Amino acid sequence: MYDVTIIGCGVTGAAAAYELSKFRLSIAVLEKENDVACGTTKANSAIAHAGYDPKPGTKMARLNVLGSEMMESLCRRLNVEYERTGSLVLAFDEEDMRSLRALCERGRENGVRGLEIISGAKALEMEPNINPEVVGALYAPTAAIVNPWGLCIALAGTAVMNGAELFLNSEVRGIERGDGYFRIKTASGALETRYIVNASGAHSDKISEMVAKPFFKIIPVKGEYFLLDKSQGGLVRRVIFQPPNEDGKGVLIAPTVHGNLIVGPTSERVTDPEDCSVTARGLEKVLNISSRSSGKIDFRETIRNFAGIRASAEIDDFILEASAPGFINAAAIKSPGLTAAPAIGLEIVRLLEEEGLRPEKREDFREYRSGTLFKDMTPGDRSEALKRDKRFGRVVCRCETITEGDILDALKGPIPPVSIDGVKRRCRAGSGRCQGGFCGPRVHEILSRERGIRMEEVCQDKAGSFLLTGRTKEGCGL
Ligand SMILES: Cc1cc2nc3c(=O)[nH]c(=O)nc-3n(C[C@H](O)[C@H](O)[C@H](O)COP(=O)(O)OP(=O)(O)OC[C@H]3O[C@@H](n4cnc5c(N)ncnc54)[C@H](O)[C@@H]3O)c2cc1C
């Protein structure tokens, strides 16, 4: 019997697990995929939003601003990449300016610090590569960029280090209510728990309906992106938005914490919550809209296109509440859910306490710090690393200068990766210009060797995404 079971290990579930692991509780985390951060958490704009977008008085507004304030020190402590770049919302005519003034007012009401409307000339001075026709901008100095999957892995890793049990490949298929407890059936077995936190992203309506009457429906809304090579990474230093419209925050241009440039997303309703396909139509839309912000993006430098799914609901707010005794929904966590995650974690503990959980603080709580890559180490630390393991001297991923030692370190973390993309999410091998064209086979070999499995059993990403079927000419007598 667990005290609390969290369903879903994206950044919401991971933040809940992190906060709960500060207490003497038995915690289970159930994730349907073979790794954490495999849903929306790995496919978004990676912005820690300042908080001027959400409607004042909503949970979204409160938790956005609080999450943004918590994010920097949390990332520093967990060694997750974070950079407070600030953001600009550009205006090109009087209608845009009206929209900026409304955003500024809304932001001040939400408690966002430092908001300022600046002239077009000032905006151009700050960002010389934006469209010179800009007439004004809303400057938000507290906006930032962050590594979203890195944050999720570090939060979940901390929870695991403090005793939470993570069950991967454990899709929840049914929940029965007992007297003061729940029995959860998963793809890997069953367990019992006193409290449940539903953090299952785009599937959260289905999980909620296993326990309570249907009262919300998730409307999956897809967003498509371009990720560009580091040659484009310096085009802008801040996050560049256009005024929001019926499609939400619209298409942005932003540097990433890894030195690339991200451009997107679109906003398109889809029926399948797993539909992360990228379409010519969607990408063309991004190209056209982004050209209003800057005509200087060289899209020939694209290294990847991807898409993420917003877990939207009819109500324009997060659904964070108990919908049955002992059952907390952390549902419809669309943007700014990444920013709000640290605050959502705290909110979930509060809601569980309202439901009767009486957690007792533990004194021995420790945070998991993600490893520092060999290339980012000080000269002294590099010598130490090489003394510890010569394989820090062997570069595997040439684009990102990731060594075999870095990969081995990633494999020793509290949540070891089981796939090639899992390795990429932890130490960036395969995330450079060639997208794993050169290092993919080496990472494949290392995973096979270290996990003691056959090459044919190694997956690219999700369970079943095998790359090899057998040896060439095997069985034909050669
Ligand atoms: C295009 C786009 C851009 C965005 N940009 C930003 C941004 O810049 N800044 C920001 O703050 N926010 C942004 N967001 C929002 C942010 O990404 C999300 O709010 C956040 O990632 C949600 O995390 P989550 O953990 O709730 O969901 P997810 O990351 O989707 O995690 C849910 C998890 O539940 C698991 N699961 C589902 N069903 C089951 C089941 N039956 N059993 C077990 N496990 C299950 C899934 O596998 C998944 O791992 C953006 C979102 C999108 C789509």
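Every value quoted in this text rests on a predicted model; they were computed, and no experiment measured them.

1. Points about the site of the ligand
Right, so step 1: The immediate surroundings of the ligand are formed by 40 residues, with Gly-10, Gly-39, Gly-201, Gly-223 and Gly-337 found nearest.
Right, so step 2: Secondary-structure elements contributing two or more residues to the shell around the ligand are α1 (11-20), β18 (302-312) and α8 (337-354).
Right, so step 3: Along the lines of polarity and charge, the residues of the shell around the ligand split into 16 nonpolar, 18 polar and 6 charged.
Right, so step 4: Counting contributing residues per domain, the shell around the ligand is built from domain 1 (1-81 + 145-216 + 314-370) and domain 2 (87-141 + 219-312), each supplying no fewer than three.

2. Considerations on the domain arrangement of the protein
Right, so step 1: Here the protein is described as being made up of domain 1 (1-81 + 145-216 + 314-370), domain 2 (87-141 + 219-312) and domain 3 (374-457).
Right, so step 2: With centres defined by C-alpha atoms, the gap from domain 1 to domain 3 works out at 29 Å.
Right, so step 3: Contacts between the two partners involve 13 residues from domain 1, matched on the other side by 9 residues from domain 3.
Right, so step 4: A breakdown of the residues in the side of domain 1 that touches domain 3 according to their chemical character gives 9 nonpolar, 2 polar and 2 charged.

3. Points about the sheet that holds strand β8 (residues 144-146)
Right, so step 1: Ordered by their spatial adjacency, 3 strands build an open sheet running β3-β8-β4, and the pairing between neighbours is antiparallel. The open sheet has two free edges, formed respectively by β3 (47-48) and β4 (82-83), since each of these has just one partner strand.
Right, so step 2: When β3 meets β8, the two strands line up antiparallel, connected through 2 bridges. Across the sheet, Ile-47 pairs through a bridge with Ile-145, a residue of β8.
Right, so step 3: Of the strands in this sheet, β3, β4 and β8 touch helix α2 (residues 59-78), which is tilted by about 50° from β8.

4. Concerning the packing of α2 against α8
Right, so step 1: For the pair α2 and α8, the least separation of the axes is 6 Å and the interaxial angle reads 100°. Considered as vectors, α2 and α8 are oriented roughly perpendicular to each other. Counted together, Leu-63, Asn-64, Leu-66, Gly-67, Ser-68, Met-70, Met-71 and Leu-74 of α2 and Thr-339, Ala-340, Ala-341, Pro-342, Ala-343, Ile-344 and Glu-347 of α8 form the full contact between these two elements.
Right, so step 2: The residue makeup of the contact of α2 with α8, split by class, is 10 nonpolar, 4 polar and 1 charged.

5. Brief notes about the environment of Met-377
Right, so step 1: Mapped onto the elements, Met-377 comes out in the loop between α8 and α9 (379-388).
Right, so step 2: Residue classification places Met-377 among the partly exposed positions, given that 17 C-beta atoms sit within 10 Å.
Right, so step 3: Residues in contact with Met-377, not counting those within four places in the same chain, are Thr-372, Arg-382 and Ala-385.

6. Overview of the packing of α1 against α8
Right, so step 1: Look at α1 against α8: their axes get within 8 Å of each other, and the N-to-C directions meet at 40°. When the axes of α1 and α8 are compared, the pair comes out oblique. Here the hand of the crossing between α1 and α8 comes out right-handed. Contact residues: α1 offers Val-11, Thr-12, Ala-15, Ala-16, Tyr-18, Glu-19 and Leu-20, while α8 offers Gly-337, Leu-338, Ala-341, Pro-342, Ile-344, Gly-345, Leu-346, Ile-348 and Val-349.

Calculation notes
- Residues numbered from 1 in each chain as written.
- Predicted model: local features only at pLDDT ≥ 70, side-chain atom pairs only at ≥ 80, totals over all residues.
- Near = placed C-beta within 6 Å.
- Helix = DSSP H or I, 4+ residues; strand = E, 2+ residues; numbered from the N terminus.
- Nonpolar A, V, L, I, M, F, W, Y, C, P; charged D, E, K, R; others polar.
- Domains from an automatic or database assignment.
- Contact = placed C-beta atoms within 7 Å.
- Pairing = 2+ DSSP bridges.
- Axes fitted to C-alpha atoms, helices over the stretch in contact; angles between N-to-C directions.
- Parallel < 35°, antiparallel > 145°, perpendicular 65-115°, else oblique.
- Buried ≥ 20, exposed ≤ 12 C-beta atoms within 10 Å, placed from the backbone.
- Left-handed = near helix turned anticlockwise from the far one by under 90°.

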